[in-house]
Amino acid sequence: MTKTKINADLIKERSKCTFNITELTNLIDGGAHLTEERKKREEKVLKEGIHIDQVPSEYLSHKEKYELAIKKASLMFKLLRKWQEEENTGMENYRAVLGGALGSAILEDGSPLTLHYVMFIPTLMGQGTVEQQAYWIGRAFNVDIIGTYAQTELGHGTFVRGLETTATYDPKTKEFVLHSPSLTAYKWWPGGLAHTANYCIVMAQLYTAGKCHGIHAFIVQLRDEETHMPLPGIKVGEIGAKLGMNGTNNGFLGLEHVRIPREHMLMKNAKVLEDGTYVNSPSSKLTYGTMMFVRVVLVNDMCNYMAKAVTTATRYSAVRHQSQPKPDEPEPQILDYVTQQHKLFVGIASVHAFKLSANWLWNMYNNVTAELESGDMERLPELHALSCCLKAVSTADAAQCVERCRLACGGHGYMLSSNLPTSYGLVTAACTYEGENTVLLLQTARYLVKAWQQAAGASQLTPTVAYIRRVTSGRRAPPFDSSLAGLIDAFHTVAAGKIGLCVANIEKRQKEGLSYEDAWNMTSVQLTQASEAHCRAILLLTYHEQTEMQCKNASPELREVLSQLVDLYVVYWTLQCVGDLLRFTSISERDIERLQRWYEDLLSQLRPNAVGLVDAFDIRDEILHSALGAYDGRVYERLMEEALKSPLNAEPVNRSFHQYLKPLMQGKL
Amino acid sequence: MELSMSANEDLAKERARCDFNVSEITNILDGGIERTKQRKKIESIALSNGKCRDVTPEETLGPKERYENAIRKSCLYTKIVKDQVLTLTGLEVLGSNSSVLRRTADAFFKDISPFLLHLGMFVPTIMGQGTPEQQSYWLPRALDFQIIGTYAQTELGHGTFIRGLETTATYDPDTEEFVIHNPRLTSYKWWAGGLGKTSNYCIVVAQLYTQGKCYGIHPFIVQIRDEDTHVPLPGVRVGEIGPRMGFNTADNGFLGFDHYRIPRNHMLMKNSQVLKDGTYVKVASHSKLTYGTMVFVRVMLVNEVAFNLAKAATIAVRYSAVRRQSEKISGEPEPQILDYVTQQHKLFVCIATAHALQLSSNWLWKTFSAVLADMRGGNTENLPELHALSSCLKALSTSDSAALIEQCRLACGGHGYMLSSNLPLLYSFVTATRTYEGDYTVLLLQTARFLIKAWEQAESGKPVTPTVSYMEEAVVGNKYKWNGSAEGIIKAAYYVAAGKISSSVASIRKRMKNGKAFEDAWELTGVQLVAAAETHCRAVICDVYRKETVRLTANSSPNVKTVMDQLNMLYLSHWALERTGDLLRYTSTTEDDIISCQQRYEELLAAIRPNAVGLVDAFDFPDEILQSTLGAYDGRVYERLMEEALKSPLNAEPVNRSFHQYLKPLMQGKL
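Just so you know, these numbers come straight off a predicted model, no measurement behind them.

Draft legend 1. Structural detail: the overall build of chain A. Along chain A, the regular secondary structure elements total 24 helices and 11 strands. A burial count over chain A gives 62% of its 669 residues as buried. As displayed, chain A offers around 25,300 Å² of accessible surface, 52% of which is attributable to carbon and sulfur atoms.

Next up, the structure:
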């Protein structure tokens, strides 16, 4: 039933491609040498075979999934430790192998050791004193201990100040007493917390000398290093099955008057002295760095998942044939349907748009932190506002993109062997963790409203919000310019218009007697929309500008297809937001009709290069992990091969027939 | 750890401030107080014995154990239905009561029963397509569960395009048998529920060949497993297709035949026959009669997704009343998250949509019954309209419900991601309905075909059918002037639909003028056509929801009238604001109109807020059916989350064996 050649349709698609695929791959990786490095690393990891499962993990029980995840994660860490000894590249190797694409090839539904290197070690580095770092980091790096990071509680997430766990200093014994005063105070969610980690950074309200000093970080030992038994006073376990990330061993933690030495408080920024005196942190802005880093990593992660999803869906759409638009002609590839192109091509563009925007933000942040050394913190709030809305919009768009790709694969996208449902599970989780999206959009909105007021008050505006002045200055809207630059400009006008409306609404409601907070809350639906409009404007502009820069030395063929993608992205969003453009710019019905036509033409122009464009993401089959998306396009064969691995298929008759079905059918149940 | 057993105080407060009679709305949604009573009676029979409860949460089992557990519960549930519920309602009303059965089944199956297609497709197909003799032979056995059947149409390589199916049934007059065969891998049947390990019979849809000629697809009853041993019969290759995003206890299977012979009378012959000598005889116009089952299934689907959306809304609204977060005003206690307008924006439209879809489903059912009566009298004139209507309603209701259930899940933050919230399962269940029984895009394009034809008729002054009568006025080309009333918004929605249809027609004509064939011009305009069909359907839903609300609350108490009207207005303003672009393009709506609509919308959110919990209570879900730690009536959210967590088999031991096998050796450098 199986053949081992490449699907004929995919061969045809690849021969039609007008540009050099490797050139694009190199561009995406940031240079040929980086592509080569990535490929080498992938080869090195995958040849170990850790990723190969005898029984696919989706056939296992929840418990068996965890055990498999521990096995694979342990073998991975062993490998990493070996490399660390050989090459000593530090966090670089960890990040490359465990994070992003390659990590997901080995542990497709999350790793119980992720937070060890994503949160435990970085927090030690960021918030520990030099002595503390010397003591802990070596052990953590060497995986002599395994840690995690516990902040969120059963009853408290977004509002960090509301956490209930307490750490009360006892000067007599020079210890902190950690305690969970109620069920809602239980830590809930941290990956690896349930049965894996033996240490944990616990965020708790610090009390000393009878006063609360807010949230601080403490290192708490959870389990005996030898027996792994939970220590006295530690209530720890797992939180149960989830939509996705079922390999991550998310746990709960309750502390019953657990005592830890004073030195287990991380004291780089704030200290409690032996006598209980609290010494304050030099600057609260120092934690921006970690947050910015995590968000940029997150946006890049989103790009990886989107790239996987569009690769799978595009290849499948080239292989799948369906219906007969014209009598007596063969069934066309579904990729030939404009409605299908409409679902997929904007996804390809989104990968590029978000990747370039994340890089742009990261570079800007690094430039700004250089200024920071000289004490200039002026642009930090601006960058913070940007990172908030970019995280919110990128995770929401990525979830939508992955889900749209899944639906575009019809029923087969619903099979776990397509890997699309699992990807969705991972991506949609990002919409609520690391800052819930609505909350983040409202944070950006606060910045935008402030910027509006500054503009009105004629003070200097930071670069990414400078466009606001155009509207506050009351200049008349120019005639509509439907060039690419004109459209991007129009998005800025829309954003400014929406911010202006919000400000007017808040002021109106205040005048009617509401407090500022209530007026803000009443206007918050519009505020999130203004924030999103701001982010869209920035995204379009950045994608356009960065592509121009990126393409400076590219071949004309590649430049053409990349600029088609930018056009597609901008026109797509213009048509999506046509109501906003009609409200805030001078766009006309004829402009809209022309844009619709332009959009449809772009879909046709991109059609022959679609498979080439996803091939250029250069995702190995092991990483893609999809019966529908493999490079060779053996879609139906792989679906059947995967089905035959089901333990249910190992026996012709399941025992439940004898136990229940037969008695039922014979009326004897 | 001591877990409190007392009910949540915030919910008690919410219920105290609800200003309408909750059971009055329950009765409206059920279709009358008598139906509410009967539903509750059935629920109490099915749920009172406690057999629906799992000791170990289903989601912690492996797929095989889950299947076995599902078979166990399916058998128990079937026995309850057979022995007790059927005596209560009688078989003849099984159809109209199946939504009630669905409700109780949800208490047994978090996911889905492998028996679903037995009563859902196997029995109805025999009823619809079997001759009287065939019915009298098969139906008693099927209804008594002496045999269990399913329905296999979709193949690995073929779904939407039914004419492209590859399975063949070739008549052999020598033995008076059909030979069923799958010529290649892509022709394997794939997806049918209950097919993998459960059913011993199956209706197989195959290309009929007789006397050397192909007559297209026909249904055949095929025995696939021995009735006694359950072993697949020789020439039958059957198994399960592997894990899916949801439906993981549905036992979806694959099926292939190797020159497998069945008797001639196993072809269902009500509509067409193959005589002993192989002569093909057409008895009735095939295509029109099968519309019946299809429309019926779609009505059920709309009802079902409305029901599931109502569950999600119940869970998210109750959780939002219990959950407190942040400090709106410095120094004040953390407010309930239901007090945030952004949260109300996410949730209240879900309540309204659940109403809109359920009322639309009821209305579609009535329309369908009328058309069916016409058809019996030989009048098939209204069939195309009904088909167009059911297509777009199925598409929109499934996609709206899926999107809104996901919105409810995300509105519950991280806790919505827990399977114990039941929200992920609800989503995986409903999102599947977007692609099965007609894919979203394909169905909207079918409706678009009807709309384009209707538009051309309206243009040439010919009469059009009721649901597109708005075209007669719109075709004149005047722009509708916005007024903020419900009727005004609905009219504007119809004008938008007309505008989009007209634009699509213009696009197609322009392309044909430029030399394209009609099919190509149609294809290139596909994105616009889908959008046009969607706006048409949205206008119909808005219209039906409004009219049905007014009709059903005509004799209601004033407060019920008010809150139902608020919900309806919320739905209308929500969609107006979502589609400002369309309104600005195709009606003479102004910026001021939009701003006042936005303000109205925000006022409605505030007005509905005190009644939010009452409104979801009115859906009247027993906790057993809701199956959610976040949504239970008593609001013991955190206690239930912890209780469920503690049931995880991983928590039965303090140290998992993988510590000794891998973690410890790793940490000690000995791995």
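Right, picking up where we left off after that structure.
Draft legend 2. Quick look at the overall build of chain B. What chain B contains, in helices and strands, is 23 helices and 11 strands. A compact globule built from 671 residues would reach a C-alpha radius of gyration of about 26 Å, and chain B, at 27 Å, matches this within 12%. Counted over contacts in chain B with a minimum sequence separation of 6, partners at least 24 positions apart contribute 73%. Accessible area of chain B: about 23,900 Å², with a carbon and sulfur share of 53%. Each charge class in chain B can be summarised by its mean position, and for the 73 positive and 73 negative side chains these summaries are 2 Å apart.

Draft legend 3. Here's a closer look at helix α13 (residues 437–456) of chain A. Residues and elements named next belong to chain A. The end-to-end C-alpha distance of α13, which contains 20 residues, comes to 29 Å, matching closely the 28 Å that a straight helix rising 1.5 Å per residue would cover. For α13, the N-terminal capping position is held by Glu436, with its side-chain oxygen 3.0 Å away from the main-chain nitrogen of Thr438. Of the residues flanking the end of α13, it is Ala458, one or two places downstream, whose phi is positive at about 65 degrees.

Draft legend 4. Quick peek at the domain arrangement of chain A. Taken domain by domain, chain A comprises domain 1 (147–281) and domain 2 (459–615). For domain 1 of chain A versus domain 2 of chain A, the separation of C-alpha centres amounts to 44 Å.

Draft legend 5. Layout of the packing of aromatic side chains. This structure, assessed with the given rule, holds 38 aromatic pairs over all chains. Here the aromatic residues A:Tyr414, B:Trp191, B:Phe247, B:Phe429 and B:Tyr436 are joined through ring pairs into a cluster of three or more. Across from the ring centre of B:Tyr633, 3.5 Å away, lies the NZ or CZ of B:Arg15, which sits over that ring. Between the NZ or CZ atom of B:Arg449 and the centre of the ring of B:Trp522, over which it lies, the distance is 4.2 Å.

Draft legend 6. Unusual backbone geometry, seen in detail. Despite not being glycine, A:His257 shows a phi value in the positive range, around 45 degrees. Within the secondary structure, A:His257 is located in the loop between β8 (251–255) and β9 (258–261). Not every positive phi belongs to a glycine, and B:Asp251 is a case in point at roughly 55 degrees. By the element assignment, B:Asp251 lies in the loop between β7 (236–240) and β8 (253–257).

Draft legend 7. Spatial organisation of the packing of helix α14 (residues 486–513) of chain B against helix α17 (residues 558–578) of chain B. All names here are of chain B. Contact geometry for α14 and α17: axes closest at 10 Å, N-to-C directions at 40 degrees. It follows that α14 is oblique to α17 by the angle criterion. In the crossing of α14 with α17, the sense of the turn from one axis to the other is left-handed. Listed contacts from α17 to Ala486, Ile489 and Ile490 of α14 are Met569, Leu572, Ser573 and Ala576. Taken together, the residues of the contact of α14 with α17 sort by class into six nonpolar, one polar and no charged.

Draft legend 8. Broad picture of the UniProt feature "domain: Acyl-CoA oxidase C-terminal" (unreviewed entry) in chain B. Residues annotated by UniProt as "domain: Acyl-CoA oxidase C-terminal" (unreviewed entry) correspond here to residues 487–668 of chain B. Within residues 487–668 of chain B, the helical portion is 76% and the strand portion 0%, while the C-alpha atoms at the span's ends are 74 Å from each other.

Draft legend 9. Representation of the side chain of A:Thr428. Relative to the helices and strands, A:Thr428 resides in helix α12 (residues 420–429). Once residues lying within four places of it in the same chain are set aside, the contact partners of A:Thr428 are A:Leu243, A:Ala399, B:Glu406, B:Arg409, B:Leu410 and B:Tyr417.

Draft legend 10. Structural view of the packing of helix α9 (residues 341–376) of chain B against helix α19 (residues 591–608) of chain B. Residues and elements named next belong to chain B. For the pair α9 and α19, the least separation of the axes is 10 Å and the interaxial angle reads 85 degrees. Regarding the angle of α9 to α19, the classification is roughly perpendicular. Residues Val341, Gln344, His345 and Phe348 of α9 pack against Tyr601, Leu605, Ala606 and Ile608 of α19.

Draft legend 11. Representation of the sheet that holds strand β4 (residues 187–188) of chain A. Residue and element names in this part refer to chain A. Taken together, three strands build an open sheet; the order of strands is β4-β8-β7 and the sheet is antiparallel. Each end of this open sheet is capped by a strand with a single partner; those strands are β4 and β7 (234–238). Bridge count between β7 and β8: five bridges; the pairing is antiparallel. When the bridges of β8 are listed, Val236 appears paired with Leu253.

Draft legend 12. Representation of the UniProt feature "active site" (unreviewed entry) in chain B in the model. All names here are of chain B. Within this numbering scheme, the UniProt entry marks Glu437 as carrying the feature "active site" (unreviewed entry). Within the fold, Glu437 resides in the loop between α11 (423–435) and α12 (440–459). Relative accessible area serves as the criterion here: at 32%, Glu437 is assigned to the partly exposed category. Among all residues touching Glu437, those that are not within four sequence positions of it are Val297, Arg298, Leu301, Lys394 and Leu443.

Draft legend 13. Broad picture of the sheet that holds β7(B). Residue and element names in this part refer to chain B. If you walk across this open sheet you meet the three strands as β4-β8-β7, and the pairing is antiparallel. The outermost strands of the open sheet, each flanked by one partner alone, are β4 (189–190) and β7. For β4 and β8, the ladder comprises two bridges, and the chain directions are antiparallel. Paired with Lys189 across the two strands is Leu255, which belongs to β8.

Draft legend 14. Structural detail: the pattern of salt bridges. Summed over all chains, the structure comprises 86 salt bridges over all chains. Across the salt bridge formed by B:Glu591 and A:Arg583, the nearest N and O atoms sit 2.8 Å from each other. On the criterion of chain membership, the pair formed by B:Glu591 in helix α19 and A:Arg583 in helix α19 (residues 578–584) is interchain, its members lying in two chains. Taking the relative accessible area as the measure of exposure, B:Glu591 reaches 24% and is therefore partly exposed. When the shortest N-O distance is used, the salt bridge between B:Asp543 and B:Lys547 registers 3.0 Å. On the criterion of helical spacing, the pair formed by B:Asp543 and B:Lys547 is a turn pair, its members being four residues apart in helix α16 (residues 526–552). Overall, B:Lys547 belongs to the exposed group, its relative accessible area being 53%.

Draft legend 15. Main features of the interface of chain A and chain B. Counting residues at the interface gives 136 residues for chain A, matched by 137 residues for chain B. Interface area for chain A against chain B, summed over the two sides, is near 12,000 Å², with a carbon-plus-sulfur share of 62%. Sorting the residues of chain A by area buried against chain B places A:Tyr414, A:Leu648 and A:Met665 first, and these three jointly supply 6% of that buried surface. Linking chain A with chain B are 13 salt bridges, by the criterion used here. Across the pair A:Arg655 and B:Glu68 runs a salt bridge whose closest N-O atoms are separated by 2.7 Å. Along the contact surface separating chain A from chain B lie 53 residue pairs in polar contact (both at pLDDT 80 or more). Sorting elements by how many residues they give to the side of chain A that touches chain B places helix α4 (residues 62–87) of chain A first, with 11 residues. Along the lines of polarity and charge, the residues of the side of chain A that touches chain B split into 58 nonpolar, 44 polar and 34 charged.

Draft legend 16. Spatial organisation of the nonpolar core. The biggest cluster of nonpolar side chains holds 370 residues, and the ones touching the most others in it are A:Trp188, A:Tyr569 and B:Trp190. For A:Trp188, the residues in contact, after removing those within four places along its chain, are A:Thr152, A:Glu153, A:Leu154, A:Ile239, A:Gly251, A:Phe252, B:His415, B:Met418, B:Leu641, B:Met642 and B:Ala645. If you look at the next biggest cluster of nonpolar residues, it comprises 25 residues, including B:Ala192, B:Ala206, B:Phe220 and B:Ile224.

Draft legend 17. Looking closely at the environment of B:Glu59. The residue B:Glu59 is located in the loop between α3 (33–47) and α4 (63–89) in this model. Here the alpha-carbon distance between B:Glu59 and B:Met121, two residues 62 residues apart in the chain, equals 27 Å. Residues within four places of B:Glu59 in sequence aside, it is in contact with A:His62, A:Ala241, B:Arg66, B:Lys110, B:Leu419 and B:Ser420. Of the polar contacts made by the side chain of B:Glu59, one reaches the side chain of B:Lys110; its length is 3.3 Å.

Draft legend 18. Representation of the environment of B:Ser320. Residues and elements named next belong to chain B. Looking at the secondary structure, you find Ser320 in helix α8 (residues 286–322). Note on Ser320: relative accessible area 0%, which makes it buried. Taking the C-alpha atoms as reference points, Ser320 and Gln336, 16 residues apart in sequence, are found 6.5 Å from one another. Residue contacts for Ser320: discarding those within four places in its chain leaves Gln336, Ile337, Leu338, Gln343 and Leu347.

Draft legend 19. Seen up close, a nonpolar patch on the surface. Residues A:Ile6, A:Ile11 and A:Tyr631 make up a contiguous nonpolar surface patch of roughly 250 Å² in combined accessible area. Within the secondary structure, A:Ile6 is located in the segment before α1 (8–16).

About the cut-offs
Residues numbered from 1 in each chain as written. Chains lettered and ligands numbered in written order. Predicted model: local features only at pLDDT ≥ 70, side-chain atom pairs only at ≥ 80, totals over all residues. Heavy atoms only, no water. Helix = DSSP H or I, 4+ residues; strand = E, 2+ residues; numbered from the N terminus. Buried < 20%, exposed > 50% of the residue type's maximum accessible area, 1.4 Å probe, protein only. Areas by Shrake-Rupley, 256 points an atom, 1.4 Å probe, with all protein chains shown as cover. Rg over C-alpha atoms; globule rule 2.2 N^0.38 Å. Contact = heavy atoms within 4.5 Å. Lys, Arg positive; Asp, Glu negative; His and termini not counted. Charge placed at Lys NZ, Arg CZ, Asp CG, Glu CD. Expected span 1.5 Å × (residues − 1). Polar contact = N/O pair within 3.5 Å; in protein donor to acceptor, adjacent residues only side chain to side chain. Domains from an automatic or database assignment. Phe/Tyr/Trp six-rings, centres within 6.5 Å; stacked < 30°, edge-to-face > 60°. Lys NZ or Arg CZ within 6 Å of the ring centre and 35° of its normal. Axes fitted to C-alpha atoms, helices over the stretch in contact; angles between N-to-C directions. Parallel < 35°, antiparallel > 145°, perpendicular 65-115°, else oblique. Left-handed = near helix turned anticlockwise from the far one by under 90°. Nonpolar A, V, L, I, M, F, W, Y, C, P; charged D, E, K, R; others polar. UniProt positions renumbered as here; feature names shortened; annotations may be inferred. Pairing = 2+ DSSP bridges. Salt bridge = Lys/Arg side-chain N within 4 Å of Asp/Glu carboxyl O. Buried area = accessible area lost by both parts, 1.4 Å probe. Core = buried A, V, L, I, M, F, W, Y, C linked by side-chain atoms within 4.5 Å. Patch = residues over 30% accessible without salt bridge, like charges linked within 9 Å, V, L, I, M, F, W, Y side chains within 5 Å.

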